[in-house]
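Listed below are the residues making up each chain.
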Amino acid sequence: MSLPYTLAPQIGTAGRLGLIVLQSDETMEAELRQALPGDDVAAFVSRIPSASEVSNESLAAMEAGLPRAAGLLPKSVAFDVVGYGCTSASSVIGTERVGSLINAGCTSSHVTNPVTALVAACRALGVGKLALLTPYTEAVSESLRLALAKEGIETPVFGTFNEPVETNVARIDPASIREAAIKLGQDSAAEAVFMSCTNLRTFDILADVESACAKPALSSNQAFFWHMFALAGIKPARRGGLLWQREIT
């Protein structure tokens, strides 16, 4: 029996986001759900193969997989923005190259990544010196610091958990992240503190860090989602932290 039907509008009438998440990332989607508004905003997620241990070599290897991961997003969706969710790999591969690879796999009005988003966040806040907290080895962290330096953002204060295993990074207690971020962020040489890595659980501690440091507290997921939402013209459900009060400059 053939039955009649009608077609409804495509979901995401208030915004359509595409997200490329690392295979090893356990945190990003959970924090994205906290920020998505209740309106008809659709988030489509693709995964990209990633190594269990983070090194500059394993990060660079994701370059080859980016067009395929972007290409696995629905072809029928006209995306407002597509983002690649890896801070360290974006610094190793290069933000412009990341954008080109995403555009090779899908169609989107805008593309971004956590490094591009962080640079935009620093400009919106008028910040040029960061206290940088990373979970990475010093070699991986140095790649990020160099990428930021090219954008005129200094990292005079730096600390790392020195953890190369992604599973362990995802399990780092937010209390440990908060304590480390406050310790670094209270240094007078920094104008803000940045907690780097989309696998770190930071959403619930941002307000505490800002209060203790009396300066902006930023994280990879926070800056990334802020930038994606701004590019798509979406108002977030969660506005914790000074960054959510700023617009892209």
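The structure we're discussing is the one just above.
Residues numbered from 1 in each chain as written. Predicted model: local features only at pLDDT ≥ 70, side-chain atom pairs only at ≥ 80, totals over all residues. Heavy atoms only, no water.

## Here we look at the nonpolar core
Counting 82 residues, the largest nonpolar core has Ile 20, Leu 66, Tyr 84, Ile 102, Leu 130 and Met 195 as its most contacted members. Broken down by element, this core gets its largest block of residues, 9 residues, from helix 6 (residues 114-125). The contact partners of Met 195, leaving out residues within four places of it in the chain, are Leu 133, Ile 177, Ala 181, Thr 202, Ile 205, Leu 206, Val 209, Ala 217, Leu 218, Ser 219 and Ser 220. (Core = buried A, V, L, I, M, F, W, Y, C linked by side-chain atoms within 4.5 Å. Buried < 20%, exposed > 50% of the residue type's maximum accessible area, 1.4 Å probe, protein only. Helix = DSSP H or I, 4+ residues; strand = E, 2+ residues; numbered from the N terminus. Contact = heavy atoms within 4.5 Å.)

## A short note on the packing of helix 6 against helix 11 (residues 220-232)
Put simply, helix 6 and helix 11 touch, their axes get as near as 8 Å, and they point 80 degrees apart. Taken together, helix 6 and helix 11 sit at an angle that is classed as roughly perpendicular. Taking contact as the criterion, the partners of Pro 114, Thr 116, Ala 117, Leu 118, Ala 120, Ala 121 and Ala 124 in helix 6 are, on helix 11, Ser 220, Ala 223, Phe 224, Trp 226 and His 227. Each residue belonging to the contact of helix 6 with helix 11 can be placed in one class, and the counts come to 9 nonpolar, 3 polar and no charged. (Axes fitted to C-alpha atoms, helices over the stretch in contact; angles between N-to-C directions. Parallel < 35°, antiparallel > 145°, perpendicular 65-115°, else oblique. Nonpolar A, V, L, I, M, F, W, Y, C, P; charged D, E, K, R; others polar.)

## Side note on the environment of Ser 24
Secondary-structure assignment places Ser 24 in the loop between strand 1 (15-22) and helix 1 (28-35). Overall, the relative accessible area of 15% leaves Ser 24 in the buried class. Leaving out residues up to four positions away in the same chain, Ser 24 has contacts with Ser 50, Ala 51, Glu 166 and Asn 199.

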